[in-house]
Structure formats: C-alpha cells, structure tokens
Amino acid sequence: MTKGIEGKVVLITGGSSGIGAETARLLAERGAKVAIAARRKDRLDEVVADIAANGGTARSYALDVTDKSAVQSVVAAIIADFGRLDVLINNAGLMPIRPMAEVNTDEWDQMIDVNLKGTLYGIAAALPGFLEQGSGHIINLSSVAGIKVFAPGGTVYSGTKFAVSAISEGLRHEVGEKVRVTSIEPGAVESDLKFTTSGTAAETVLDFYKQAIPAASVARAIAFAVEQPDDVDVNAIVIRPTAQEF
C-alpha cells in the first residue's frame, strides 16, 4: 500500500511536533515529499533534518494558520517548489481547557481562530487546485471531543472540533467525486497539545494525559487513509488509548 503514498506531495500544518512531526516522518519514510508548516521554524528545521538524514524529502515553511493570506502564500510556495500538492493535513490546533464560567474569551477566540478558521483557511488555499487537477486529499484533525462534548472545561474546544467534523463531512458531500476527505478523531495523544491549558485545569489535563498513546499511533492512522487507492475514501477514524473511557 506504500505505492499509494510514494511520490505524493503532502502539506502538514502544525508540523513542528507531536502528530504533525510524526506524520511527516512516517509519510516521508514511505516515499512522500513532505512540506511541514508551523510558527516555530527552528523546530520545523529539526524535523526536516531528521527526515533528510533518513533519506526522505522535506521542506519547512513558517506559517501562522490564522493568517489567511499566509496560508495561501505557503500553498503557492509548495506548488512552486514541488510542482503540485496532493494532500493537505490540517493538524494545527490548541486545547486550553477551562470552565466556561471563567469567561476567558481570549482563549475562545484563539481556539476558533486556530482550530476552526485555520482549518477553513487551509481548505480554501488547497481546494481550488485539487478541483482543477481532479484529485486531492484533505485530512482534518478533529478529536473524540468532536463526537462527544468534553465538559466541564472543554466545551468551547469541543465546539471547534464538532465544527471540524461537520465541515469534513459536508465537504465530502460537496467535492467527494474529485477530492477525498478524512476526519481524524484522536483521544489522548502524547503531544504539546496538553500544555496549552493553564490555570487550575492544567493539573487535571496533565493527569488525564497519563494514559496517552504515542503520536506515532495517529500518524499510522493518517498513513492508512492516505495510502488507499483513489477509489477508496476513508471518511473518519476514531483512535483512543485502550484505557480511555471518554
């Protein structure tokens, strides 16, 4: 099935660590040409160096996914550098957990901007090219919190992830004849995501993540979706630690 990955040009947002970095390493190992984008360019360059040392092809691009014009520019740069784009993985995300009664609207705005608008801006930048070339694959990172509300504390986060899941399904209905669409819905995964919670909820979140599975486990699920033949669209994958109840 590696033949379904080999030679594809893949853009991964949030590619500097966690799921994004592990997915970049795995897809590059299986022959993809990987473009990773995030705000931390130094961390991106470390991932690119790891991939190159193992014989893979990768390039890094500094990107804030909340900047619509920047997302457009990065997609254009990738097409100029690699000649095309085949797969977009919208992976960038934030998960500050806090009761709604604390009314931290700054965190609400951040989650909406990164988790939801960032995903939409990625779709907006890649979709026209996918439709023009008659093929493409959009993979959106949702969450188990996008199929079951994580409350108390994760209500707004769940709202953004429910939206990502809904957008993924609606997009599949609209463009599914040409473009494949996959929603990846992980539970607790070892990554920097857990560190985006501050205040009194931080200890609770860190305790919850003691059961987390490695980011490489989610990378394998993403690779499974990518490697399928063109006539097979894996629409959603839910992946949790065995011990996770939520």
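Note that the coordinates shown come from a computational prediction; the quantities given were computed from them, not determined experimentally.

**Here we look at the packing of aromatic side chains**
Phase 1 of the analysis: On inspection of all chains with the given rule, the structure shows 1 aromatic pair.
Phase 2 of the analysis: The interplanar angle of 45° and the centroid separation of 5.1 Å between the aromatic rings of Phe-150 and Phe-246 together place this pair among those described as tilted. With Phe-150 in the loop between strand E5 (137-141) and helix H5 (155-175) and Phe-246 in the segment after strand E7 (236-239), this pair connects stretches of sequence that are 96 residues apart.
Phase 3 of the analysis: The exposure class of Phe-246 is buried, given its relative accessible area of 16%.

**A short note on the pairing of E7**
Phase 1 of the analysis: Judged by which residues are buried, E7 turns out to be one-sided: Ile-237 and Ile-239 face inward and are buried, whereas Ala-236 and Val-238, on the alternate face, are not.
Phase 2 of the analysis: Direction of pairing for strand E6 (residues 180-186) relative to E7: parallel, over a ladder of 4 bridges. Along E7, the bridge assignment pairs Glu-185 with Val-238.

**Re unusual backbone geometry**
Phase 1 of the analysis: Looking along the chain, the bond that leaves Ala-151 and enters Pro-152 is cis, with omega of 5°.
Phase 2 of the analysis: Checked against the element boundaries, Pro-152 lands in the loop between E5 and H5.
Phase 3 of the analysis: In this structure, Val-103 is a non-glycine residue whose phi angle is positive, near 50°.
Phase 4 of the analysis: Tracing the backbone shows Val-103 in the loop between strand E4 (87-90) and helix H4 (105-133).

Cut-offs and rules
Residues numbered from 1 in each chain as written. Predicted model: local features only at pLDDT ≥ 70, side-chain atom pairs only at ≥ 80, totals over all residues. Heavy atoms only, no water. Phe/Tyr/Trp six-rings, centres within 6.5 Å; stacked < 30°, edge-to-face > 60°. Helix = DSSP H or I, 4+ residues; strand = E, 2+ residues; numbered from the N terminus. Buried < 20%, exposed > 50% of the residue type's maximum accessible area, 1.4 Å probe, protein only. Pairing = 2+ DSSP bridges.

Coordinates in, geometry out; function isn't part of it.
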